[in-house]
Structure formats: C-alpha cells, structure tokens
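Chain by chain, the residues run as shown.
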Amino acid sequence: MPGPARRPTGRDVARLAGVSQATVSLVFSGPEGGHRVSEATRERVREAADRLGYRPQAAGRQLRLGRSGMVMLAVPNLLGPFFGRVLSGAHEEAHRRGLAVVVSSGWDGATLAEAATAGRFDGLLVCSPDDSQLGGLPDATPTVYLDADPALDPVRPTVELDVGGGMRAAVEHLAALGHRRIGHLRSTLSAHTFRVRQAAFEAATEGLEVLEAGVSLNEGAPAARIVARELLARPDRPAAVICDDDVVASGLYQAAADLGLAVPDDVSVIGIDNVPVAGLLVPPLTTVDLPGEELGRWGVTALADLLEGRPVAAVPPLPTALVVRDSTRRAG
C-alpha cells in the first residue's frame, strides 16, 4: 500500500516559483519580511503555493506576532442564505492567507467590542449591519464593513455592493415588459443596504403606480407569506412584485398559491440575492445576483492588509446583475 502523500514544503514552492527558499520564507513571514520582496515575486510565490497546496506553518508565526490567527465575520442573521455565500468567499480567501474565520450572529456593538478586545480575534468583518448594531468598537480594532454605508466610519474600510443598480435593473425589466403597477415587499430592517434599495426603487418607479408592504426578513418566508397574501388579495393587486430578498420571494410564491394565482401568469416576481433557492422554485425565480462570495473575499483581503500594516486599496462597489428566469412575463 502506498504511504500518505508527502506534504509540499517551502523548498517545493521555491523550485516551482523559480526563487530561493529564503524568498519563500520572506513572503510568508508577514510585512516585516514580505515588504523586502517585490509584488510580482510575492504573487508568483503565492500562485506556486496555491498550485501545490502548500500552507505555511501559520501557528508559529501568529504566536510570534501575538495574534490568534482568527477573524470574526459578524452577520445579522446566521440563517440568511446570502450570508452563506459571503462566508464561503471569506473562508476561501482566509484559508489562502493562513487565517481562520468564525461566524457569529445576534451581535451588537458591545458584543463585538468585547470580542475584539479580549484577544480572541485579530479583526472583525461586519456584514450588512443594522443601525442598532453599530457603535462601541474601539478605534484600534481592525475592522472591515461589508455591504454597509461607507460613511459609517471614514477610517475603517468598507466593501460595498451596487444594490441600487440591481434594484434599478429589476424595475427596468418589469417596465420593459409593460408593467405599470408594481408591488414591493420591502425589508423593515434599518440597514444601509435596504435604504439604498428603497431609494433606488422609488427613483426607478417614478411615474408608475406603486404598492408597498413591509416584511421582517429575519422572520423568513412564513412572515413574507402573510404580508404577500394581503398585498395580492387587494382589488388593485399588482401584476408584478419586487421582493427585497429571495426568501421573501419564496413566501410570495406560497401566498400566490394560497389565492389560486400563478407565477408568472397572474403575478411576475423578482427577488434579490440569487441564493440557491432561487433556481429551485417553480418556476425558477428572476433575481438580482449579489456577489456574496466576492464580498467575502474582498473583505478578508482588506482585513489582511490592515493586520499586516499595508495600505488598504479602495474597492469600487461590486457589480450586481439581473438574472432573468421564468418568474416574469409581459403584462397581459
């Protein structure tokens, strides 16, 4: 029987990258050594390490630097499927950088401040924060905000999504199909991302008839089903509805079935997020794709730069895209 595969070493990486073993050590030693190597060489060494599956012995390095090697990803709702996409991207990038990601929800500013100052985590990734969850973080805490208002803290980096552009694309799609009365199941959460969606919806629907209802995203599809049923039971019900996320859209599907309405023959539906459930609904859901994996990757990249004392490059809002499936049709 063959023995276990040999783990790749720094010497293997050096041979593949065409550099010395000392250079490989410098690249993975942090800013104190990495700054002595050109960016092109650092990238070549990292690519070689990725190809070989090489992972530096991070524990000893973290100990020397007085770090835990762990970062916290704080999300408002652990059950929200979009945050699974964010965690996937964050975990992938963190693994590449010798870090570990711990996810937490149900937090507030005081909880994050305690976690940051107790030495358990080297830094924080705060995703889609609600207004009530902000405040209280020490200025020295390495923090990156994801899907948040860049004005939250001018000092701390923010990685945004172009959610406004996504909402405009959704409205324009329905208008192009001839819809003039558009419903909106909007989130009741006081988070920047939902304020941006609302502002974009209002601007894009100017001149159209609008019917709106608020729904708690944290209560999921059952709450959305109740609110959607009330919206669709109106005598002036909209023949097209945009939902602030795909889980809410699934609740609207259920409400339509309750009332004997068909999607899209009686009501066209658009969601936001493009989580796996969107493609599993019948018919598959037209939705705005929010690149959660990219959000997580860029967040960890920015946080790693903070931790290693490098300047954090500004990231333009990550582009969103309308994914057209079978839940929308031309107005009858």
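Residues numbered from 1 in each chain as written. Predicted model: local features only at pLDDT ≥ 70, side-chain atom pairs only at ≥ 80, totals over all residues. Heavy atoms only, no water.

### Quick look at the overall build of the protein chain
- Within the protein chain, the secondary structure is distributed over 13 helices and 11 strands.
- In the protein chain, buried positions account for 51% of the 332 residues.
- Taking all contacts inside the protein chain whose residues are at least 6 apart in sequence as the whole, residues at least 24 apart take part in 71%.
- Here the protein chain has roughly 15,100 Å² of accessible surface; of this, 54% comes from carbon and sulfur atoms. (Helix = DSSP H or I, 4+ residues; strand = E, 2+ residues; numbered from the N terminus. Buried < 20%, exposed > 50% of the residue type's maximum accessible area, 1.4 Å probe, protein only. Contact = heavy atoms within 4.5 Å. Areas by Shrake-Rupley, 256 points an atom, 1.4 Å probe, with all protein chains shown as cover.)

### Focus: the packing of aromatic side chains
- Following the criterion strictly, the structure yields one aromatic pair and no others.
- With a centroid separation of 5.7 Å and 65 degrees between ring planes, the pair formed by Phe82 and Phe83 is classed as edge-to-face. In this pair, the class of Phe82 matches that of Phe83, namely buried. (Phe/Tyr/Trp six-rings, centres within 6.5 Å; stacked < 30°, edge-to-face > 60°.)

### Considerations on the pairing of strand β3 (residues 123-127)
- Within β3, five of the five residues are buried, which leaves it mostly tucked inside the rest of the structure.
- Of the two faces of β3, both are covered, the one formed by Gly123, Leu125 and Cys127 as well as the one formed by Leu124 and Val126.
- The pairing of strand β1 (residues 70-74) with β3 spans four bridges and is classified as parallel. When the bridges of β3 are listed, Leu73 appears paired with Leu125.
- Pairing between β3 and strand β4 (residues 143-146): four bridges, direction parallel. The partner of Val126 across the bridge, within β4, is Tyr145. (Pairing = 2+ DSSP bridges.)

### A few points about the nonpolar core
- In terms of nonpolar packing, the biggest core is built from 39 residues, with Leu73, Phe82, Cys127, Leu146, Ile242 and Leu295 touching the most fellow members.
- Among residues more than four places away in sequence, those in contact with Ile242 are Met167, Ala170, Val171, Leu174, Ile182, Gly183, His184, Leu185, Phe201 and Ile270.
- One finds Ala223, Val227, Tyr253 and Val263 within the second-largest nonpolar core, a separate group that totals 28 residues. (Core = buried A, V, L, I, M, F, W, Y, C linked by side-chain atoms within 4.5 Å.)

### Some points on the side chain of Asp245
- As for its placement among the helices and strands, Asp245 is situated in the loop between β8 (240-243) and α11 (246-258).
- Summary of buried charges: Asp245 has no salt-bridge partner, and the nearest side chain of opposite charge, Arg197, is 6.5 Å away.
- Among the polar contacts made by the side chain of Asp245, one reaches the main-chain amide nitrogen of Val247 at a distance of 3.2 Å.
- Setting aside its immediate chain neighbours within four residues, Asp245 contacts Leu217, Gly271, Ile272 and Asp273. (Lys, Arg positive; Asp, Glu negative; His and termini not counted. Salt bridge = Lys/Arg side-chain N within 4 Å of Asp/Glu carboxyl O. Polar contact = N/O pair within 3.5 Å; in protein donor to acceptor, adjacent residues only side chain to side chain.)

### A look at the sheet that holds strand β10 (residues 286-289)
- Strand order in the open sheet formed by six strands is β7-β6-β8-β9-β10-β11, and the pairing between neighbours is mixed. For this open sheet the edge positions go to β7 (209-215) and β11 (321-323), each flanked by a neighbour on one side alone. Sheet twist, expressed as the mean angle between neighbouring strand axes with direction ignored, is 20 degrees.
- Examined bridge by bridge, strand β6 (residues 181-187) and β7 share seven bridges and lie parallel to one another. Within β7, the position partnered with His184 by the bridge is Glu212.
- Contacts from helix α10 (residues 220-232) reach β6, β7 and β8 within the one sheet, and its direction differs from that of β7 by about 155 degrees.
- Packing of α11 onto the sheet brings it into contact with β6, β7, β8, β9 (268-273) and β10, and relative to β9 it is tilted by some 155 degrees. (Axes fitted to C-alpha atoms, helices over the stretch in contact; angles between N-to-C directions.)

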